[in-house]
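Structure at a glance
Next come the chains, spelled out residue by residue.
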Amino acid sequence: MQEAGIRAFVGKLSMDISSRPTYVEKSAQDALTSASSFVKRCRNLVSHLPSHRRLIEPVLTPRFVPTCSDELLSGLGQISETESLRIQSHLAESHDQVEWVRSERGVEDIEVFDKVCPLDIMDAMRQAVAVSRMREGRNIMSQPGSPGDPHASEENLAIDWKESLYLATRGGSIALGLKEGSGMFTIGAPFDAQHIHIYDTSVCAGVCGLDFFDVSLSQDGRLRLKPDMIEKWWCTGDVRNRLGTWVQGIQVSL
């Protein structure tokens, strides 16, 4: 990824319980030693580069609470503090996983993380989507206001396309602690951008299967971009709409 010019936060999965023997390490200490070794090797790969060209950063990655002992999570938290490392993980993503954590640990999984291995904000984007789906699913399965579900609500709790676009750009850069201004077109910010093509004014048609109605052009033939056009590309577009990608001001091939 470094050679390809792609920015990435890379982690080695850490697990020591409740999974296949071939998936977990023999003990919490073995898992911690392995994680520390990965971090060192990952940093060494880019140590010869100037800081602004180091696109790959190691992160600690406990899989999730059901497969990590408190000893492992606590140890990863200590490594994070001493080595200034981010921690990424995820919460239980299904009802049976949620109930399993409650029965085994006696608390919610987020409480386990808060107690022994505080998560970096890095996991916020994935959780925003996953939790949004779970919350909306709970509402769909429950009748609003029913006595059996005190959480039922008529409010739609799912994130919309604008929120997901923000999380993928400016919101993501804030959560990841990237340089000030990242995710925006502003002076002094890293130029991380994509060139997106959604409408061909020469033939008055959408690009790569995107259909648009009520399209308007300016007097000089420029497309007047509307929110619904961005929404259609964001929800149904694909790589064919991407004409170019830049990371840290350098164009990369994807």
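Residues numbered from 1 in each chain as written. Predicted model: local features only at pLDDT ≥ 70, side-chain atom pairs only at ≥ 80, totals over all residues. Heavy atoms only, no water.

Time to look at the packing of helix α6 (residues 161-168) against helix α8 (residues 227-236). For the pair α6 and α8, interaxial distance at closest approach is 10 Å and the crossing angle is 65 degrees. With respect to α8, the axis of α6 lies roughly perpendicular. For the element pair α6 and α8, the recorded crossing hand is left-handed. Listed contacts from α8 to W161, S164, L165 and A168 of α6 are P227, I230, E231, W234 and C235. Among the residues making up the contact of α6 with α8, the classes are represented as seven nonpolar, one polar and one charged. (Axes fitted to C-alpha atoms, helices over the stretch in contact; angles between N-to-C directions. Helix = DSSP H or I, 4+ residues; strand = E, 2+ residues; numbered from the N terminus. Parallel < 35°, antiparallel > 145°, perpendicular 65-115°, else oblique. Left-handed = near helix turned anticlockwise from the far one by under 90°. Contact = heavy atoms within 4.5 Å. Nonpolar A, V, L, I, M, F, W, Y, C, P; charged D, E, K, R; others polar.)

Before going further, it helps to spend a moment on the pattern of salt bridges. Where side chains of opposite charge bring their charged atoms close, a pairing between them can arise. Overall, the coordinates contain ten salt bridges when judged by the stated rule. For R7, the salt bridge goes to D192, with nearest N and O atoms at 2.4 Å. Of this pair, R7 sits in the segment before β1 (8-14) while D192 sits in the loop between α7 (170-175) and β3 (193-196), and the two are 185 residues apart along the sequence. Residue R7 is classed as partly exposed on the basis of its relative accessible area, which comes to 25%. Several salt bridges share partner residues, and in doing so they unite E99, R102 and E108 into one network. (Salt bridge = Lys/Arg side-chain N within 4 Å of Asp/Glu carboxyl O. Buried < 20%, exposed > 50% of the residue type's maximum accessible area, 1.4 Å probe, protein only.)

Looking now at the sheet that holds strand β7 (residues 250-252). With antiparallel pairing, three strands are arranged side by side in an open sheet as β3-β6-β7. Unpaired on one side and paired on the other, β3 and β7 mark the two borders of the sheet. Each strand of the sheet is rotated relative to its neighbour by a mean of 30 degrees, with strand direction disregarded. Pairing geometry for β3 and strand β6 (residues 242-247), over four bridges, is antiparallel. For A193, the partnering residue across the bridge sits in β6 and is W246. (Pairing = 2+ DSSP bridges.)

Formed by 26 residues in total, the largest nonpolar core has its most connected members in L60, L72, L73, L76, F113 and C117. Only α1 (28-46), β2 (56-62), α2 (70-83) and α4 (109-116) provide two or more residues apiece to this core. Looking at this core, the element that brings in the most residues is α1, giving eight residues. Beyond its immediate sequence surroundings of up to four residues, L60 is in contact with A35, V39, L76, I79, S80, L85, R86, I87 and Q88. Grouped together as the second largest cluster of nonpolar side chains are six residues, Y199, F212, M229 and W233 included. (Core = buried A, V, L, I, M, F, W, Y, C linked by side-chain atoms within 4.5 Å.)

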